[in-house]
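# Coordinate inspection notes
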There are 4 protein chains.
Amino acid sequence: MAVRTRAEYIESLRQQHPQQVYLNGKKVESVLDEPGFKKGIESIALAFDICHDPKYQELATLDSPLIGERISRWNHLNQSLEDALLRNQLMRTMGDYLVPCCYRCMTAAEAMAAWIISYDIDKKYGTSYHQRVVKIVKEVQKNDLVIGASLVDPKGDRSLPPSKQPDPDLFLHIVERRKDGIIVKGARAHDTAAPYTNLLCVMPMSRPLRENEKDYAVAFFTPVDTEGITYVCRAAPGPHEDSDIEHPFSSRYGGQAHAYTIYDNVFIPWERVFMCGEYEFVGQLMNLHGALDMVDVCSCHAAGMDLAAGALALVADCNGTAKAPHIREYLINVISNAEITYSCAIASAVRGYRHESGVWSPNPLPGEVGKVFSASHLGQNRYYMQEAAGGSARTMPQEADLKNPVTGELLYKYLKGRADLPAEHRIRALKLIQDLTASDFAGWHHAMCICEGGAPGGLRLGILGGYDLDKSKTKAKRAARIAE
Amino acid sequence: MAVRTRAEYIESLRQQHPQQVYLNGKKVESVLDEPGFKKGIESIALAFDICHDPKYQELATLDSPLIGERISRWNHLNQSLEDALLRNQLMRTMGDYLVPCCYRCMTAAEAMAAWIISYDIDKKYGTSYHQRVVKIVKEVQKNDLVIGASLVDPKGDRSLPPSKQPDPDLFLHIVERRKDGIIVKGARAHDTAAPYTNLLCVMPMSRPLRENEKDYAVAFFTPVDTEGITYVCRAAPGPHEDSDIEHPFSSRYGGQAHAYTIYDNVFIPWERVFMCGEYEFVGQLMNLHGALDMVDVCSCHAAGMDLAAGALALVADCNGTAKAPHIREYLINVISNAEITYSCAIASAVRGYRHESGVWSPNPLPGEVGKVFSASHLGQNRYYMQEAAGGSARTMPQEADLKNPVTGELLYKYLKGRADLPAEHRIRALKLIQDLTASDFAGWHHAMCICEGGAPGGLRLGILGGYDLDKSKTKAKRAARIAE
Amino acid sequence: MAVRTRAEYIESLRQQHPQQVYLNGKKVESVLDEPGFKKGIESIALAFDICHDPKYQELATLDSPLIGERISRWNHLNQSLEDALLRNQLMRTMGDYLVPCCYRCMTAAEAMAAWIISYDIDKKYGTSYHQRVVKIVKEVQKNDLVIGASLVDPKGDRSLPPSKQPDPDLFLHIVERRKDGIIVKGARAHDTAAPYTNLLCVMPMSRPLRENEKDYAVAFFTPVDTEGITYVCRAAPGPHEDSDIEHPFSSRYGGQAHAYTIYDNVFIPWERVFMCGEYEFVGQLMNLHGALDMVDVCSCHAAGMDLAAGALALVADCNGTAKAPHIREYLINVISNAEITYSCAIASAVRGYRHESGVWSPNPLPGEVGKVFSASHLGQNRYYMQEAAGGSARTMPQEADLKNPVTGELLYKYLKGRADLPAEHRIRALKLIQDLTASDFAGWHHAMCICEGGAPGGLRLGILGGYDLDKSKTKAKRAARIAE
Amino acid sequence: MAVRTRAEYIESLRQQHPQQVYLNGKKVESVLDEPGFKKGIESIALAFDICHDPKYQELATLDSPLIGERISRWNHLNQSLEDALLRNQLMRTMGDYLVPCCYRCMTAAEAMAAWIISYDIDKKYGTSYHQRVVKIVKEVQKNDLVIGASLVDPKGDRSLPPSKQPDPDLFLHIVERRKDGIIVKGARAHDTAAPYTNLLCVMPMSRPLRENEKDYAVAFFTPVDTEGITYVCRAAPGPHEDSDIEHPFSSRYGGQAHAYTIYDNVFIPWERVFMCGEYEFVGQLMNLHGALDMVDVCSCHAAGMDLAAGALALVADCNGTAKAPHIREYLINVISNAEITYSCAIASAVRGYRHESGVWSPNPLPGEVGKVFSASHLGQNRYYMQEAAGGSARTMPQEADLKNPVTGELLYKYLKGRADLPAEHRIRALKLIQDLTASDFAGWHHAMCICEGGAPGGLRLGILGGYDLDKSKTKAKRAARIAE
């Protein structure tokens, strides 16, 4: 069975030797032993656990039509609407374990995008990219690899295209085409989890390109420890040692590290390249990738909102306000936000189509709408959680004070809420609200929800572009009795 | 082929002879000739037209698994998710013709609710309601009948159940059980289109009942012209004669009439009764009907928002402001509202299940969320349309002034906008905005969008009840490290 | 005492003889007898009534510092912050009589704008406009005249300035300068109440002008019945005959008529002109007028929201839902909207300054913010009112049905709500909600709230322009430790 | 001159010797030297600085009518509307230095509340509380003391009043009345800045009391280092050592520490007591204090939003997107939120009245509305800031990486934005956004904005209670023609 355990995933990291990993000003000798990566690795490991949990196995694994073995659904390329809907379900169900961020959504998203785009380029140019992708995807499935997405260029002056930037490296590009492969140079910003994934997928995702920008139209896979790659990392949010009461969630798992990944004349052999100069496919690739990503993002945000609803209900229970009308209103609003977001993920899948290459391609429009909706309603959910908790969620003394015998006794006396619940429950519920809404982790999560998969500003343009406005104008003309 | 033409539908009304129809203080002698019903009938007729339009036939008709003939999808009982999704699509596509309100959504909604509930009651009590429903549904399909829903009791003092009301008739109830049938008394408020449908479906939809309220648990079908029924009607909104420029939309079609339907000791033979005393099924029936209705309502609202987007874009074109950033923002918001609403309809279908009786039963939660969302965002859409139009949409002189030679010349001179578009287009676009946002019709539509299928207040309770909050609380406890 | 009674105002209309007034396709022989103007006149008359009501006299009248007589506050030019705050109070208090629209706000707004701008022009050019304005204002105060604002050009293609329009008349302009006065040509769109005011104030309010557009920089007062002026009118919204139950509010008063006012080579003697070619003052005049107008608009919107809160509470009382949590939430939201809007009016006054000419000039920023806020929250208030009422507010049969003995008996039986309140109260409360949210009047009011005093799109640019963003950037730089 | 310098304030802390101060599990030997208090003290010190800054002196100081010396406005009790408006202005202007939180708002708020309530109690009971308060206020003004508010009880089970709690200490109460004073016991939650203020003001602010709860009706002033008081503190948010780039704002100042203050049989001499058993004044005191506090809170929130607007504009400048339509929209929304919030503060002052005791008492209604508005729009502002910044605001490597020569060179190369601005500016602008929206400080600030001065749930009840709904219902009845 090609479904790894958490131990096998971790072991795979030990076998990798990226040479240039930096974190917080220092060179990291061992990715696996770096405290700043620990929670990210743990979070990914949980996504391996779910595949071995009898309760979830049915949903989280399946027989691969590609390699004929049992594989993790994280690595499966959707072949049908049913597949797409099961994937949505897996994303939301992962919330039973953790949300956010297990990062496993990206593996299939990258693989599906590479699968479709390579097929289409081959069709036009007779190239042989697709077979390369097929081979790599099989390898990913067989070995249950984690793919890291390396997509967003630094972009420099945003009003200028790659070819007009004073520094040509601000967008990643080909510097040499050789017989055995290509040499690339540039960087990618905020590559989530990169040093502890197994395989990078590098695609141009920053802006459509013009004919004179062919060198920027390059996509490939490459192992994490490829020579010439430097990762300058930002640790996952929250404390790096356990903090049982103060940060019950974010000190265990939750966030991911990010890397600025710098490609300094990196060599990529041809068998890992699946776009090399076909600039006119970049716009299509961006749409396609966006659509695939948005479905996952919306499902994941819905799972996050489930946790928000649960935390809100929990703290109200402890405060004795569960039946208060305003608490019920808040709960209904958080639930509605969750369901709207998830509905958009479902609609994106349902309104997709099966691409010639055999992969189900979702419709970007509902996904974009759902992403913008959820990003802009996160603040609302937090407001509700904070109000339900009251100021104590943030002004309460800290774990060490609760554990100090002198102050601890006083605090437990005065933090007692409902007679039938231990003060401990109330304290923990309040600290959870702090962790989810008013902590370093909360700050990271907020930023991610807004910007991951594209900031709302850009997505909104996609919404306008993806909607058939002319058709609606025709309806309006008919209603106004304006002859066409 | 069991698909009627508009002419056949209209002819069927001529064959019906309801004895007590009142409108605007007068008794109506002929439903078909009453101007106050004309636009409603025309709007229903358009839903017959779409079934014969080659462009839409594929979607709008299908082979009935029940009677083995080609039928209208309006009369089809969904057997599968695919059916449910096609129905959503038909609802939104009907917007190519008209939105709102063709009223044809209710036929299958009532039929599916009756189908399932009768099946479940029979299963528990060994009654034979289901076969009666099957027979009626076959008749509906064969004759392509329009079912009118008669569901909402006047309710009196809302803080009291039926059995506590000073006047027992404020909820419709059985007054006598006879060998050949039952006698019922009571009323139903705001029965849309009732006098020009073909068959009434009467079900208890106002509140769950208790054991001592069995007489209120009664459901049946009955012809529109059954003896003892009085319809006190309110005409469809907007002018009842054509108003080409001033009300280009609402003077042709759009709205529906409503009736307070009073049942004064009406006899219903047993073969048309499918609930008679089984009070404990009323709650379930309400949920079921709500779920079926919400899916249609959301799809329909999305179609309405398509028209809003089109009208907004049209008037901006005429004013020369189509590229203005705020107009683009508004368009994106209207589109997003439409897509969210439609996504909820889709999710409601997708997350349904096939009931034992063979009918696909949608999940009420996303539909309720979508309905509340759309109802509460209608005002936003109108704000955008009005601002895009400017005050002229409502202050501009009227059709007669435009047609008066003296003032018409002046007005056409001064209402000229972009040089490349006739003043006529601008005038019509502005009048359309008036019709859709600031007219008698607009007022009716607003009220309908908010209250149809249940007011948001009640739906919100359904949202709280339909969501698995305990599961989310478990997640929160896990995150807070509170042992269960 | 220079405070007219309603009878004196009406009598003044009988003394005026505008020659070219059209309404609904026909020439109006007597403004006073035209049913389409009746409610508008009645609404203005109520603003005269309040000045004679002992309960309000203190607030509504004062001793004029200009003419030394008791005058109506409607005609007073604010000299101080105290004056400005009392004016806000009068606007909101007028809601005890009526809201909207008594139209009396415009008299002093126009007068104050003319007062200040003429002073500033004189200061720069040594012209003698200000004394002309002083004289006219005294006349207005002495005779308690109603000024009608005639401000908004048709504008043609909105992307083009006056000088580039194919038709030069699309902005009102001077066609000849004569010894005794000027000749003007053009039109003004949506002049509220114009034919039944006493004196028009015509100012350029459409866009800032350039040097080659001096002929468009023209401002003057002129009697309503000046030769050469044609009014093509749109009647006030709602029925023009009394409709006691069906439209309890809008059939009595509430709305105003509008006119497209066409100036066909109209002669204006110099003593009524207060701008003639000083194009560079147009931008300042627009800001000034906007500031004055916004304060009134916000106060008036707050009064409208008071009525919304009252209607919502009333219908909930009748339905027996006054204590329901969602109704309380809605009430709090409507109240909050009212208080925010009114607070902006107050802040606009407080943050103003006394202009050299002696008039208190408000700060436009808070007023613009308040106007945009209220315009965009109107839909929310309506949603709440409609939901509190339920569908019956719009589907209920009409007045004639309630009065028909057969149907009336049935309807009163079934429309009974709480036992301790007559059905009549419930019916009237529901019809009021219809009138305020879902009627022809409601459509008109919606459009007015959004567009009066400038559509939000334009106001938002004013907000950005009026705020000291550089100062805030300096704070941000300090916080970011970026050296200036 | 009775206006202290920052040095004098700091020196005063050195003279105080609170015996029981705990922080993060340890006993604090010297408040002044505790790193966890440093930023809070620095933030208060800035409020002393502004009084000595020539640019602000006029606003920030005045001649006290009470002691006849120049005092800080922070210590002034408003005597008039003008005073109240200047105070609003000072609060917003303090944002030129810092926002949040200088904590100086509380001194006069507590003093004014004590001043008025003691006057009213004396009037009813002939007690002599007021003269005690007068004496203390003079002392506060003379010595420019910082008052710390100690107001909120732990409350235990929120559904129970003080007298029904299993533990009587969950609300602070009198345990003994002695000849020379009283003994009190209990605790106060989240006392901001308490250990580094000069004088605590302890008032009952948790809920109205009944006759059998007289022992809970107790208010007094007491020095910070009174025997028997234990402070269990939570440090101010953000790092406690300087972090130039990473946390440019929150590592210098911004937040405040909080204390759970435990009163363990503390003796208060009579001359510092101003309420002792007069339970029926507690509700009035709560309203009064709320009104005073809300005005300050709204002004302060407006200042915070100014900083948000500035940061948003700054980062857009650096990213080269300052002219993008969506950035302009966001800016307008943030500005509008600031102006609405500030307008509510102004209206609260304007609609106040001069209390018999000589102090200007604001109207709570607009302040409560403004507080709820601002609290619920904070998330929106953050969303805009984050989107304007993009993900880099949170995924970017940290200060140490920027300073490490190897990675620093790479990062400065790739983080370069507009050619005419140093990469440093862009980095700092992004880090500022992180600090303000996605950091430990941001979490604290969010919680404060929502809960300070009372959580929105409670304030909303105040809004409903403070509005004259009956008057509005009368208007609605008049409009509906329902005879009273």
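Everything here concerns the structure above.
The following refers to the structure shown. (Residues numbered from 1 in each chain as written. Chains lettered and ligands numbered in written order. Predicted model: local features only at pLDDT ≥ 70, side-chain atom pairs only at ≥ 80, totals over all residues. Heavy atoms only, no water.)

### Structural notes on the overall build of chain A
Across its full length, chain A holds 16 helices and 14 strands. In terms of C-alpha radius of gyration, chain A reaches 24 Å, essentially the compact-globule figure of 23 Å for 484 residues. Taking the principal axes of its C-alpha atoms as reference, chain A extends roughly 75 × 70 × 50 Å. Considering chain A as a whole, with its 484 residues, one finds that 70% of them fall into the buried category. Of the roughly 15,000 Å² that chain A leaves accessible, carbon and sulfur atoms contribute 51%. Taking the average place of the 54 positive charges on the side chains of chain A and the average place of its 59 negative ones, the gap between the two points comes to 5 Å. (Helix = DSSP H or I, 4+ residues; strand = E, 2+ residues; numbered from the N terminus. Rg over C-alpha atoms; globule rule 2.2 N^0.38 Å. Buried < 20%, exposed > 50% of the residue type's maximum accessible area, 1.4 Å probe, protein only. Areas by Shrake-Rupley, 256 points an atom, 1.4 Å probe, with all protein chains shown as cover. Lys, Arg positive; Asp, Glu negative; His and termini not counted. Charge placed at Lys NZ, Arg CZ, Asp CG, Glu CD.)

### Details of the relation of the copies chain B and chain A
Least-squares fitting of chain B to chain A yields an RMSD of 0.0 Å, with the transformation described by 0.0 Å of translation along the axis and a rotation of 180 degrees. Such a combination of turn and shift is consistent with a two-fold rotation axis. When C-alpha positions in chain B are compared against the rotation axis, the closest is assigned to B:S343, at 2.7 Å. (Least-squares fit on C-alpha atoms with pLDDT ≥ 70 in both.)

### Digging into the relation of the copies chain C and chain B
Of the transformation placing chain C onto chain B, the axial shift is 0.0 Å and the rotation is 180 degrees, giving an RMSD of 0.0 Å. Interface residue correspondence from chain C to chain B reaches 100%, placing this contact among same-surface, isologous pairings. (Contact = heavy atoms within 4.5 Å.)

### Some remarks on the sheet that holds strand 12 (residues 273-276) of chain C
All names here are of chain C. Pairing in this open sheet of four strands is mixed, and the strands run 5-8-9-12 from one edge to the other. The open sheet terminates on both sides in strands that have one partner only, identified here as strand 5 (147-150) and strand 12. The average angle at which neighbouring strand axes cross in this sheet is 20 degrees, direction not considered. Pairing of strand 5 with strand 8 (residues 199-202) involves four bridges; the strand directions are parallel. Note that in strand 8 the partner of G148 across the bridge is L200. Against the sheet, helix 5 (residues 105-125) contacts strand 5, strand 8, strand 9 (218-223) and strand 12, and its axis sits at roughly 55 degrees relative to strand 12. (Pairing = 2+ DSSP bridges. Axes fitted to C-alpha atoms, helices over the stretch in contact; angles between N-to-C directions.)

### Brief notes about the interface of chain B and chain A
Listed as interface residues are 65 residues of chain B and, on the opposing side, 65 residues of chain A. Between chain B and chain A the total buried area reaches about 5,700 Å² when both faces are included, carbon and sulfur atoms providing 64% of it. At the boundary of chain B and chain A, one finds 16 salt bridges. The salt bridge partner of A:E329 is B:R460, with a shortest N-O separation of 2.8 Å. Connecting chain B to chain A are 28 residue pairs in polar contact (both at pLDDT 80 or more). Of all elements in the fold, only helix 4 (81-93), helix 7 (282-319), helix 8 (325-350), helix 9 (364-389), helix 13 (423-437), helix 15 (456-466) and helix 16 (469-480) of chain B reach the threshold of two or more residues within the side of chain B that touches chain A. Looking at the side of chain B that touches chain A element by element, the count peaks at 15 residues for helix 8 of chain B. Here the side of chain B that touches chain A is built from residues that sort into 36 nonpolar, 10 polar and 19 charged. (Buried area = accessible area lost by both parts, 1.4 Å probe. Salt bridge = Lys/Arg side-chain N within 4 Å of Asp/Glu carboxyl O. Polar contact = N/O pair within 3.5 Å; in protein donor to acceptor, adjacent residues only side chain to side chain. Nonpolar A, V, L, I, M, F, W, Y, C, P; charged D, E, K, R; others polar.)

### A look at helix 5 (residues 105-125) of chain B
Residue and element names in this part refer to chain B. End to end, helix 5 covers 31 Å across 21 residues, agreeing with the expected 30 Å (1.5 Å per residue, within 8%). Among the 21 residues of helix 5, 17 are classified as buried, and the element is accordingly described as predominantly covered. Just downstream of helix 5 lies G126, where phi reads positive at about 65 degrees. (Expected span 1.5 Å × (residues − 1).)

### Side note on the interface of chain C and chain B
Counting from both sides, the interface comprises 75 residues of chain C and, opposite them, 75 residues of chain B. For the pair chain C and chain B, the summed buried surface comes to about 6,300 Å²; carbon and sulfur atoms form 60% of the total. Looking only at chain C, the three residues that lose the most surface to chain B are C:R234, C:R394 and C:Y414, adding up to 14% of its buried area. Our count for the contact surface shared by chain C and chain B stands at eight salt bridges. The interface formed by chain C and chain B holds 27 residue pairs in polar contact (both at pLDDT 80 or more) in total. Each residue belonging to the side of chain C that touches chain B can be placed in one class, and the counts come to 31 nonpolar, 27 polar and 17 charged.

### Observations concerning the packing of helix 9 of chain B against helix 13 of chain B
All names here are of chain B. Interaxial distance between helix 9 and helix 13 falls to 10 Å at its minimum, and their mutual angle equals 155 degrees. Taken together, the axis directions place helix 9 and helix 13 in an arrangement best described as roughly antiparallel. Helix 9 and helix 13 meet at a crossing whose hand is left-handed. For the pair formed by helix 9 and helix 13, the contact residues are R382, M385, Q386 and A389 on the first element and L430, I433, L436 and T437 on the second. (Parallel < 35°, antiparallel > 145°, perpendicular 65-115°, else oblique. Left-handed = near helix turned anticlockwise from the far one by under 90°.)

### Focus on the pairing of strand 10 (residues 229-234) of chain D
All names here are of chain D. Counting buried positions along strand 10 yields six of six residues, so the element is predominantly enclosed. Side chains I229, Y231 and C233 of strand 10 all project onto a buried face; the interleaved residues T230, V232 and R234 project onto the opposite face, where all are buried too. Pairing of strand 1 (residues 20-23) with strand 10 involves four bridges; the strand directions are parallel. For Q20, the partnering residue across the bridge sits in strand 10 and is T230. Direction of pairing for strand 10 relative to strand 11 (residues 258-269): antiparallel, over a ladder of six bridges. Bridge assignment links R234 to a residue of strand 11, and that residue is H258.

### Here's the deal with the pattern of salt bridges
Residue and element names in this part refer to chain B. Using the criterion set out here, one finds 128 salt bridges over all chains in the structure. R272 serves as the salt-bridge partner of E139, at 3.4 Å between the closest nitrogen and oxygen. Of this pair, E139 sits in helix 6 (residues 129-143) while R272 is found in the loop between strand 11 (258-269) and strand 12 (273-276), placing the two residues 133 residues apart along the sequence.

### Overview of the packing of aromatic side chains
If you walk through the whole model with that rule in mind, you get 50 aromatic pairs over all chains. Pairing B:F221 with B:F274 gives two aromatic rings, centres 5.3 Å apart and planes at 40 degrees, and the pair type is tilted. Taken as a pair, B:F221 in strand 9 (residues 218-223) and B:F274 in strand 12 lie far apart in primary sequence, 53 residues in all. Judged by relative accessible area, B:F221 falls into the buried class, the value being 1%. Each residue in the set A:F249, A:Y253, A:F441 and A:W444 is aromatic and connected to the rest through ring pairs, giving one cluster. Across the ring face of B:Y342, the terminal group of B:R92 is positioned such that the distance to the ring centre comes to 4.6 Å. (Phe/Tyr/Trp six-rings, centres within 6.5 Å; stacked < 30°, edge-to-face > 60°. Lys NZ or Arg CZ within 6 Å of the ring centre and 35° of its normal.)

### Considering the sheet that holds strand 2 (residues 26-27) of chain A
Here six strands make up an open sheet; going across it, the order is 2-1-10-11-7-6 (chain A) and the pairing mixed. Two strands in the sheet have a free side with no partner beyond their single neighbour: strand 2 and strand 6 (173-177) of chain A.

### As for unusual backbone geometry
With the exception of glycine, most residues fall at negative phi, and the peptide bonds are largely trans. Going from B:P100 to B:C101, the amide bond is cis rather than trans, its omega being 10 degrees. For B:C101, the location among the structural elements is in the loop between helix 4 and helix 5. One non-glycine residue, A:N265, lies in positive phi territory at about 55 degrees. Residue position: A:N265 is located in strand 11 (residues 258-269).

### Points about the pairing of strand 9 (residues 218-223) of chain A
Residues and elements named next belong to chain A. For strand 9, the tally of buried residues reaches five of six residues, placing the bulk of the element in the interior. Direction of pairing for strand 8 (residues 199-202) relative to strand 9: antiparallel, over a ladder of four bridges. From the neighbouring strand, L200 faces strand 9, where its bridge partner is T222.

### Section: the packing of helix 4 (residues 81-93) of chain C against helix 7 (residues 282-319) of chain C
Residue and element names in this part refer to chain C. Two elements in contact, helix 4 and helix 7, have axes whose closest approach is 8 Å; the angle formed by their N-to-C orientations is 35 degrees. In this structure, the crossing between helix 4 and helix 7 has a hand that is right-handed. Together, R87, N88, M91 and R92 of helix 4 and V295, D296, S299, C300, A302, A303 and D306 of helix 7 make up the contact between the two elements. Residues belonging to the contact of helix 4 with helix 7 are distributed by class as follows: five nonpolar, two polar and four charged.

### Digging into the environment of A:M205
Residue and element names in this part refer to chain A. One can find M205 in the loop between strand 8 and strand 9. The exposure class assigned to M205 is buried, which follows from its relative accessible area of 15%. The sequence separation of M205 and L151 amounts to 54 residues, and the corresponding C-alpha distance is 5.5 Å. The residues contacting M205, other than those within four sequence positions of it, are L151, L285, M286 and H289.

### Let's talk about the side chain of D:T230
Within the fold, D:T230 resides in strand 10. When its relative accessible area of 11% is taken as the criterion, D:T230 is described as buried. Not counting residues within four places of it along the chain, the set of residues in contact with D:T230 comprises A:L410, D:Q20, D:Y22, D:Y260, D:T261 and D:I262.

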